[in-house]
Amino acid sequence: MGRFKSFFTKTGQPTEKTTYCPNCPPSQRGCPLAGFPLSLASEGEKVRIIMIRKGKMLHERLGSMGLKVDDAITVIKKQPGGGTIIEKSGNRYALGGGMSLKINVMRCEGNGTDAC
């Protein structure tokens, strides 16, 4: 249980971290965003990165790829071990299972590029 200690309670149930909408005024806490790990996104689904959890090395690695919070990405392929191939602006990137678990995303609503 050591590796996932911060994500699970003693009962084994996952804990839920709340991310708030950046468009709300700072005086209010904002409206909560419903996010989930990138590894749970379906193939072909368009999602937006809302949070990158922990890890200086992960932030550096994603930054060198050009991936950051608020980027819209498309899940191209999922591997059984948790690995994910994503696409952003015509470029494809392969992420390991650990990386895709630490990237929280939310689904894009609508069909146009303005929706995401």
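Above this text you will find the structure in question.
Below or above, wherever it landed, is the structure these notes cover. (Residues numbered from 1 in each chain as written. Predicted model: local features only at pLDDT ≥ 70, side-chain atom pairs only at ≥ 80, totals over all residues. Heavy atoms only, no water.)

With respect to unusual backbone geometry
Stage number 1. The phi dihedral of aspartate 70 falls on the positive side, at around 80 degrees, and the residue is not glycine.
Stage number 2. Mapped onto the secondary structure, aspartate 70 falls in the loop between helix 1 (56–65) and strand 5 (72–78).
Stage number 3. Of note in the backbone geometry, serine 89 takes a positive phi value of approximately 55 degrees without being a glycine.
Stage number 4. Within the secondary structure layout, serine 89 lies in the loop between strand 6 (84–88) and strand 7 (91–95).
Stage number 5. Using a relative accessible area of 68% as the deciding quantity, one classes serine 89 as exposed. (Helix = DSSP H or I, 4+ residues; strand = E, 2+ residues; numbered from the N terminus. Buried < 20%, exposed > 50% of the residue type's maximum accessible area, 1.4 Å probe, protein only.)

Thoughts on the pattern of salt bridges
Stage number 1. Scanning the model with the defined rule gives three salt bridges in all.
Stage number 2. Glutamate 45 serves as the salt-bridge partner of arginine 107, at 2.4 Å between the closest nitrogen and oxygen. Residue arginine 107 is found in strand 8 (residues 103–107), and its partner glutamate 45 is found in the loop between strand 3 (36–37) and strand 4 (46–52); the two are separated by 62 residues along the sequence.
Stage number 3. The exposure class of glutamate 45 is buried, given its relative accessible area of 14%.
Stage number 4. In this structure, a network of salt bridges that share partners links the residues Lys68, Asp71 and Lys88. (Salt bridge = Lys/Arg side-chain N within 4 Å of Asp/Glu carboxyl O.)

Overview of the pairing of strand 6
Stage number 1. Burial along strand 6 is one-sided: the face carrying Thr84, Ile86 and Lys88 is buried and the face carrying Ile85 and Glu87 is not.
Stage number 2. Where strand 5 folds back on strand 6, the antiparallel hairpin that results is connected by five residues, among which glycine 82 adopts a positive phi of roughly 105 degrees.
Stage number 3. Alignment of strand 6 against strand 7, held across five bridges, turns out to be antiparallel. Each residue of the ladder has a partner; that of glutamate 87, found in strand 7, is arginine 92.
Stage number 4. Where strand 6 folds back onto strand 7 in an antiparallel hairpin, the turn is made up of two residues, including serine 89, whose phi is positive at roughly 55 degrees. (Pairing = 2+ DSSP bridges.)

A look at the sheet that holds strand 8
Stage number 1. Ordered in space as 3-8-4-5-6-7, the six strands form an open sheet in which the pairing is antiparallel. The open sheet has two edge strands with one neighbour each: strand 3 and strand 7.
Stage number 2. Two elements, strand 4 and strand 8, share five bridges in a ladder whose sense is antiparallel. Residue pairing across strands places isoleucine 52 opposite isoleucine 103, the latter belonging to strand 8.

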